[in-house]
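A closer look at the structure
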Amino acid sequence: MSYLRKIEYEIVLKDSFWIIRNCPKCGRKTHYINTKMFRVNANGNKLDIWLIYQCLECKHTLNLAIYERRKVSSIPKEEYQCFLDNDEQLAETYGKNMQLFRTNKADIDFDKLHYDFVKLHETVESSEPGERIVITIKNPHQLKIPLEKQIAMILGLSRTQVKSLLEKEEIELQRELPQAVSFSISPCLFPMAIGRS
């Protein structure tokens, strides 16, 4: 009996995005990193909340707006307390939030990404003749990682090998979106993909 094996991975960020920008103190472009601290400013019943980034070299700070001119009542109490407590986990969550960086027009240095491919689950089902492995790689943070690099890292191949196999259609691309990519391969060509965890 033929089978279709479906394996799903997710790209998981190890730490917050790094920002690259002109530092007024250094007088040139430098990297800014997440301090894992928030700035909370109350003006009457309105709140401004920022995630604080700082220059890696001179410690000059940059505030990324999370909430601006928001009523205190519109922010969940648990989250608001976490802002006041400088909760590191919440700061990490916001430090990986692509929309926050877009809204603040902050340039992420994609060369400084630290990430892993984590296997989520695997299923096997019977199929039409011709055994296949379908691999899906979820990209929830919409990281700018080239397609060939993603596939190469999962299969343990070089990017050149992957490019060649894509051209020969031995790796068949099924879907390519910012949030996920799917491709299929033959298990006889890539037995290492079956056992990878």
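Predicted model, so just to flag it, every value in this text is computed and none were measured. (Residues numbered from 1 in each chain as written. Predicted model: local features only at pLDDT ≥ 70, side-chain atom pairs only at ≥ 80, totals over all residues. Heavy atoms only, no water.)

**Re the layout of surface pockets**
In this structure, the largest pocket spans a volume of roughly 290 Å³. What lines the largest pocket is a set of 23 residues, and nearest its centre among them are Met98, Phe110, Gln142, Leu143 and Lys144. For the lining of the largest pocket, the secondary structure elements donating two or more residues are α3 (98-103), α4 (147-155), β8 (172-177) and β9 (180-185). Element by element, the count of residues in the lining of the largest pocket is highest for α3, at 3 residues. Of the residues that constitute the lining of the largest pocket, the class distribution is 14 nonpolar, 4 polar and 5 charged. (1 Å grid on protein atoms, 1.4 Å probe; cavity = no way out; pocket = protein on both sides within 12 Å on 5 of 7 lines; lining within 4 Å. Points joined across faces, edges and corners; volume = space filled by probe spheres on them. Helix = DSSP H or I, 4+ residues; strand = E, 2+ residues; numbered from the N terminus. Nonpolar A, V, L, I, M, F, W, Y, C, P; charged D, E, K, R; others polar.)

**Concerning the pairing of strand β7 (residues 132-138)**
Across the 7 residues that make up β7, a large majority, 5, are buried. Strand direction decides the pairing type here: β7 and β9, joined by 6 bridges, are antiparallel. Across the sheet, Lys138 pairs through a bridge with Ala180, a residue of β9. (Buried < 20%, exposed > 50% of the residue type's maximum accessible area, 1.4 Å probe, protein only. Pairing = 2+ DSSP bridges.)

**Concerning the sheet that holds strand β2 (residues 19-23)**
Hydrogen bonds between backbone atoms are what pair the strands of a sheet, whose relative direction is either parallel or antiparallel. The antiparallel open sheet is built from 4 strands, whose spatial order is β2-β3-β4-β5. Of all strands in the sheet, those with a lone pairing partner are β2 and β5 (61-71), marking the two edges. Pairwise comparison of adjacent strand axes, ignoring direction, gives a mean angle of 40° for this sheet. Sheet topology places strand β4 (residues 46-55) next to β5; 8 bridges connect them, and they run antiparallel. Note that in β5 the partner of Gln54 across the bridge is Thr61. (Axes fitted to C-alpha atoms, helices over the stretch in contact; angles between N-to-C directions.)

**A closer look at the pattern of salt bridges**
As enumerated under the stated definition, the model contains 9 salt bridges in all. A salt bridge links Glu122 to Arg5, with the shortest nitrogen-to-oxygen separation between them at 2.8 Å. Placement of the pair is Glu122 in strand β6 (residues 115-126) and Arg5 in strand β1 (residues 3-13), with a sequence separation of 117 residues. With relative accessibility at 18%, the residue Arg5 sits in the buried group. In this structure, Lys119 engages Glu122 in a salt bridge whose closest nitrogen and oxygen atoms are separated by 2.5 Å. (Salt bridge = Lys/Arg side-chain N within 4 Å of Asp/Glu carboxyl O.)

**Looking at helix α2 (residues 88-95)**
All buried positions along α2 are accounted for by Leu90, Ala91, Glu92, Tyr94 and Gly95. Residues of α2 that are buried in the fold lie against β3 (28-43), β4, β5, α1 (77-84) and α3. N-capping of α2 is provided by Asp87, with a side-chain oxygen placed 3.2 Å from the backbone N of Gln89. (Contact = heavy atoms within 4.5 Å. Polar contact = N/O pair within 3.5 Å; in protein donor to acceptor, adjacent residues only side chain to side chain.)

**A closer look at the confidence of the model for the chain**
Of all residues in the chain, 92% have pLDDT values of 70 or greater, and the mean over the chain is 89. With pLDDT under 50 throughout, residues 193-197 is counted as low confidence; its partners more than four residues away or in other chains account for 16 contacts. (pLDDT = per-residue confidence, 0-100.)

**Overview of the packing of aromatic side chains**
Applying the stated criterion to the full structure yields 7 aromatic pairs. Both rings, one in Phe38 and one in Phe83, keep their centres 4.8 Å apart while their planes meet at 80°; by these two values the pair is edge-to-face. Residue Phe38 is found in strand β3, and its partner Phe83 is found in helix α1; the two are separated by 45 residues along the sequence. Residue classification places Phe38 among the buried residues on the basis of a relative accessible area of 7%. On the numbers, 5.8 Å between centres and 85° between planes, the contact of Tyr53 with Phe101 is edge-to-face. Of this pair, Tyr53 sits in strand β4 while Phe101 is found in helix α3, placing the two residues 48 residues apart along the sequence. Overall, Tyr53 belongs to the buried group, its relative accessible area being 0%. (Phe/Tyr/Trp six-rings, centres within 6.5 Å; stacked < 30°, edge-to-face > 60°.)

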